[in-house]
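So you can see what is in the structure, the chains are spelled out below.
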Amino acid sequence: MNSTLIEVTERIRERSAKLRGDYLARIAQLNNRQRGFERMGCANVAHAVAALPSNDKLRIVAEKGPHLGIVTAYNDMLSAHQPYEGYPAQIRAEAHRLGATVQVAGGVPAMCDGVTQGLPGMELSLFSRDTIAMSTAIALTHDVFDAALLLGICDKIVPGLLIGALHFGHLPCVFVPAGPMSSGISNSEKAKVRELYAQGKVGRDELLASESAAYHGAGTCTFYGTANSNQMLLEAMGLHVPGSAFVHPHDDLRGALTREAVATALNISGRVPGHAAKPIGQLVDERCIVNAMAALLATGGSTNHLIHWVAVARSAGILINWTDFSDLSAVVPLLARVYPNGSADVNQFQAAGGPGFVIRELLDAGLMHEDVVSVAGDSLRPYAFVPRAVGQGGEVRREPLAAESGDDGVVRTAAAPFSATGGLKLLAGNLGRAVIKVSAVPEDRHTIEAPCRVFTTQEAMLAAFKNGELERDVVVVVRFQGPHANGMPELHKLTPPLAVVQGKGFKVALVTDGRMSGASGKVPAAIHVSPEALAGGPLARLRDGDVVRVCALTGALSALVDDAEWAAREVAKLDPAEADVNAHGLGRELFAGMRRNVLSAEEGAVTWL
Ligand SMILES: O=C(O)C(=O)C[C@H](O)[C@H](O)COP(=O)(O)O
Ligand code: SF4
């Protein structure tokens, strides 16, 4: 095992000992209770089963058979979640075939970040994560289930479902994915048309045609953003049935994988003789979290996980921070190049070896813990296999992965990686702590030092670009975008104009207390700057023209201003009219409490503590 992996795991274990111990004690207490239907009053039971067909009632009340709950994030707005519409019926049929019963415990909301990107709705996106966690709790608090099936894929939905489920850590859970969209035009072609549009060289019709050729059907978008990073991490945590992440929604294998998820949920429910219960709160331990971190780094995954997985770990009584990510990044090699970290999409990643190839390489290199509990067994090794076909009996037939990559330009071995490190760097200096992902940034842009232009809104920055004010070496600062200010939106719409400035040969970087999308990447961006400007963070001391240094090599994030002058500066404030814009309209009023209570990005932007 790699010594840094061991050291980081141990320091996480030590730091979390008290919190994790209390968490596990609560799980044990909940596990010592009678089953839900036996424990509740008759009225509670009657209400719970009232609408079930009589043979289900018989199985539950008389035969005391195993009972599964579904928490579903189905809606028609996310192309990735649209396939879930028919899942409850599929799951119910398989559960009946296996002698069990199922109920949809509840639905959770799901926002498509692609629909809200650059619009006011994006200011609810981060908070939708904890709203989903609370909705998961509302579903599971019916408390009659022996295990749960969690249907969610996209950006804030998997973290929200996982945070919610971990607050029912006594319950065995299996995530059930639905798979990616087939490939449309390449992400690079899509990005090129966006840059042409940003320069006024193509019109809206051409841009719409290009976007529609990229996003053209059901399934997850094919870039390696937050949604597909979620899928990779769930495989690495052993919370999917092995290899289920990137099989298409309408592939025969998809139905077999969903049926296998039902059987797996029953097997880990503790209600099948010879199969021990696997409560999610025990399965997700320090090693499981470190395995997820390693998988994120090895694949150049979404920077959003530097926020979400801190909150996920916290939900299991485990404390992780950006230094843990940064230290692991120094030893975990980059094994995959999937857009924005390369030109391939997630379908090409799957064809080249996919999550199983990356997991096999990290296990063999001692960069993942193998002896962990997973829903598929007491090891992560089953996740180094890939589903290939459906057998005669409808079962999933898996094969071991080839030793060599199916495409050396997309996924590589640990012996010959794309780079020796994971491309994620912690930055610190007189502007605060931040993170930068350089796996998608050209080598000659890893250090940027230039005069800054300071904005408080995306719109102001886009207007300055349109007026030609950014045609120079420039560090673009967009502040007052933190969780307290306006819900820490993704500023992904700034990528095309900044890429145009970079493409003209200028040295450009973005510095913000906001977030970027997992699909962002080619422009160096110091993001999640903490403490945020609205909380009096140092970004609020910056003025137009200050020289700012962003260096992914040394980890520096600094304003090159005389110390005495810097200390004496007034902290800029949002004027009330500006602050008011983010507080009202399109439901933002309902999230004022979350804006007030939210913790910093490095603390996972947790809103429930
Ligand atoms: O994966 C993530 O982190 C995302 O949030 C992706 C966002 O949904 C983008 O908005 C969708 O990509 P674009 O079509 O480039 O806007
Ligand atoms: S990957 Fe992002 S843009 Fe695509 S459906 Fe999911 S949330 Fe929407």
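Residues numbered from 1 in each chain as written. Chains lettered and ligands numbered in written order. Predicted model: local features only at pLDDT ≥ 70, side-chain atom pairs only at ≥ 80, totals over all residues.

Attention now goes to the overall build of the protein. Looking only at helices and strands, the protein has 24 helices and 14 strands in total. Whereas a compact globule of 609 residues would reach a radius of gyration of roughly 25 Å, the protein reaches 24 Å, a difference of no more than 12%. If you line up the protein on its principal axes, its C-alpha atoms span 75 × 55 × 50 Å. Relative to its full complement of 609 residues, the protein shows a buried share of 58%. Pairs at least 24 apart in sequence give 78% of the contacts found in the protein among residues at least 6 apart. (Helix = DSSP H or I, 4+ residues; strand = E, 2+ residues; numbered from the N terminus. Rg over C-alpha atoms; globule rule 2.2 N^0.38 Å. Buried ≥ 20, exposed ≤ 12 C-beta atoms within 10 Å, placed from the backbone. Contact = placed C-beta atoms within 7 Å.)

Moving on to the site of ligand 1. Taken together, 14 residues sit near ligand 1, with Asp-113, Gln-117, Gly-225, Thr-226 and Gly-518 positioned nearest. For the shell around ligand 1, the secondary structure elements donating two or more residues are α6 (113-116) and α11 (226-236). Both domain 1 (3-33 + 65-182 + 217-400) and domain 3 (424-603) contribute no fewer than three residues apiece to the shell around ligand 1. (Near = placed C-beta within 6 Å. Domains from an automatic or database assignment.)

This part takes up the UniProt feature "domain: Dihydroxy-acid/6-phosphogluconate dehydratase N-terminal" (unreviewed entry) in the protein. If you check UniProt for "domain: Dihydroxy-acid/6-phosphogluconate dehydratase N-terminal" (unreviewed entry), the listed places come out as residues 66-381 in our numbering. Along residues 66-381 one finds 47% helix and 7% strand; the C-alpha atoms at either end are 28 Å apart. (UniProt positions renumbered as here; feature names shortened; annotations may be inferred.)

One broad trend across soluble globular proteins is that nonpolar side chains are buried collectively. One finds Ala-148, Leu-149, Ala-294 and Ala-526 to be the most contacted residues of the largest nonpolar core, which totals 198 residues. Element by element, the count of residues in this core is highest for helix α14 (residues 286-298), at 10 residues. The two domains that each donate at least three residues to this core are domain 1 (3-33 + 65-182 + 217-400) and domain 3 (424-603). Discounting residues that sit within four places of it in the chain, Ala-294 has contacts with Leu-5, Leu-328, Val-332, Leu-362, Leu-367 and Met-368. (Core = buried A, V, L, I, M, F, W, Y, C linked by C-beta atoms within 7 Å.)

Most of strand β3 (residues 147-151) sits out of view: five of its five residues are buried. Burial along β3 is two-sided: the residues Ala-147, Leu-149 and Leu-151 and Ala-148 and Leu-150 are all buried. Where strand β1 (residues 67-72) lies against β3, five bridges are found, and the strand directions are parallel. Paired with Leu-68 across the bridge in β3 is Ala-147. With three bridges connecting them, β3 and strand β4 (residues 173-175) associate as parallel partners. By the bridge assignment, Ala-148 is partnered in β4 with Cys-173. (Pairing = 2+ DSSP bridges.)

According to the domain assignment, the protein contains domain 1 (3-33 + 65-182 + 217-400), domain 2 (183-216) and domain 3 (424-603). Here the C-alpha centroids of domain 1 and domain 2 sit 32 Å apart. Listed per partner, the contact involves 10 residues of domain 1 and six residues of domain 2. Partitioned by chemical class, the residues of the side of domain 1 that touches domain 2 number three nonpolar, six polar and one charged. (Nonpolar A, V, L, I, M, F, W, Y, C, P; charged D, E, K, R; others polar.)

Turning our eyes to something else, we now look at the UniProt feature "binding site: [4Fe-4S] cluster" (unreviewed entry) in the protein. Per the UniProt record, the feature "binding site: [4Fe-4S] cluster" (unreviewed entry) sits at Cys-154 and Cys-221. For this annotated set, covering 68 residues, all C-alpha atoms fall within 9.5 Å of each other, a compact arrangement in space. Along the polypeptide, Cys-154 turns up in the loop between β3 and α8 (157-166). Residues in contact with Cys-154, not counting those within four places in the same chain, are Leu-78, Ala-80, His-81, Ala-110 and Ala-227. On the basis of neighbour counts, which here come to 24 C-beta atoms within 10 Å, the residue Cys-221 falls in the buried class. Beyond its immediate sequence surroundings of up to four residues, Cys-221 is in contact with Ser-79, Gly-114, Met-181, Tyr-215 and Ala-227.

So, on to the site of ligand 2. In the neighbourhood of ligand 2, the contacting residues comprise Leu-78, Ser-79, Ala-80, Cys-112, Asp-113, Gly-114, Cys-154, Asp-155, Thr-220, Cys-221, Gly-225 and Ala-227. Of the residues in the shell around ligand 2, the class split is six nonpolar, four polar and two charged.

Viewed as axis vectors pointing N to C, α11 and α14 meet at an angle of 140 degrees, and their least axial separation amounts to 8 Å. Judged by the inter-axis angle, α11 sits oblique to α14. For α11 against α14, the interelement crossing comes out right-handed. In contact with Ser-229, Met-232, Leu-233 and Ala-236 of α11, α14 contributes Asn-291, Ala-292, Ala-295 and Leu-296. Partitioned by chemical class, the residues of the contact of α11 with α14 number six nonpolar, two polar and no charged. (Axes fitted to C-alpha atoms, helices over the stretch in contact; angles between N-to-C directions. Parallel < 35°, antiparallel > 145°, perpendicular 65-115°, else oblique. Left-handed = near helix turned anticlockwise from the far one by under 90°.)

Let us now look at the sheet that holds β1. The strand order across the open sheet formed by four strands is β2-β1-β3-β4, and the pairing between neighbours is parallel. Only two strands of the sheet have a single neighbouring strand rather than two, namely β2 (101-107) and β4. If you compare each strand with its neighbour and ignore which way they point, the axes differ by 25 degrees on average.

What follows concerns unusual backbone geometry. For the bond from Tyr-339 to Pro-340, the omega torsion is 10 degrees, close enough to zero to count as cis. Mapped onto the fold, Pro-340 is located in the loop between α16 (322-329) and α17 (346-352). Backbone torsion omega between Ser-530 and Pro-531 reads -10 degrees, so that peptide bond is classified as cis. As for its position among the elements, Pro-531 is in the loop between β12 (525-530) and β13 (547-551). The phi dihedral of Ala-605 falls on the positive side, at around 50 degrees, and the residue is not glycine.

A word on the pairing of β1. Burial of β1 is extensive: six of the six residues sit out of reach of the surface. Residues of β1 alternate between two faces, with His-67, Gly-69 and Val-71 on one and Leu-68, Ile-70 and Thr-72 on the opposite face, all of them buried. Bridging between β1 and β2 involves six bridges; their strand directions are parallel. By the bridge assignment for β2, Ile-70 is matched with Val-104. Note on the crossover from β1 through helix α5 (residues 87-97) to β2: the handedness is right-handed. (Right-handed = clockwise from strand over helix to strand, strands pointing away.)

Time to look at helix α7 (residues 122-140). Its 19 residues give α7 an end-to-end C-alpha distance of 27 Å, which sits within 8% of 27 Å, the value for a rise of 1.5 Å per residue. The largest bend in α7 is about 40 degrees, located at Ser-128. Most of α7 is tucked away: 16 of the 19 residues are buried. (Expected span 1.5 Å × (residues − 1). Bend = angle between axes of the 7 residues up to and from the residue.)

Let us look at the packing of helix α1 (residues 3-31) against α14. Between α1 and α14, the least distance of the axes is 10 Å, while the angle of their chain directions is 135 degrees. Of the possible angle classes, the one that applies to α1 and α14 is oblique. Read as a crossing pair, α1 and α14 show a hand that is right-handed. Within the contact between the two elements, α1 uses Leu-5, Val-8, Thr-9, Ile-12, Arg-13 and Ser-16 and α14 uses Glu-286, Arg-287, Val-290 and Ala-294. When the residues that make up the contact of α1 with α14 are grouped by side-chain class, the tally is five nonpolar, two polar and three charged.

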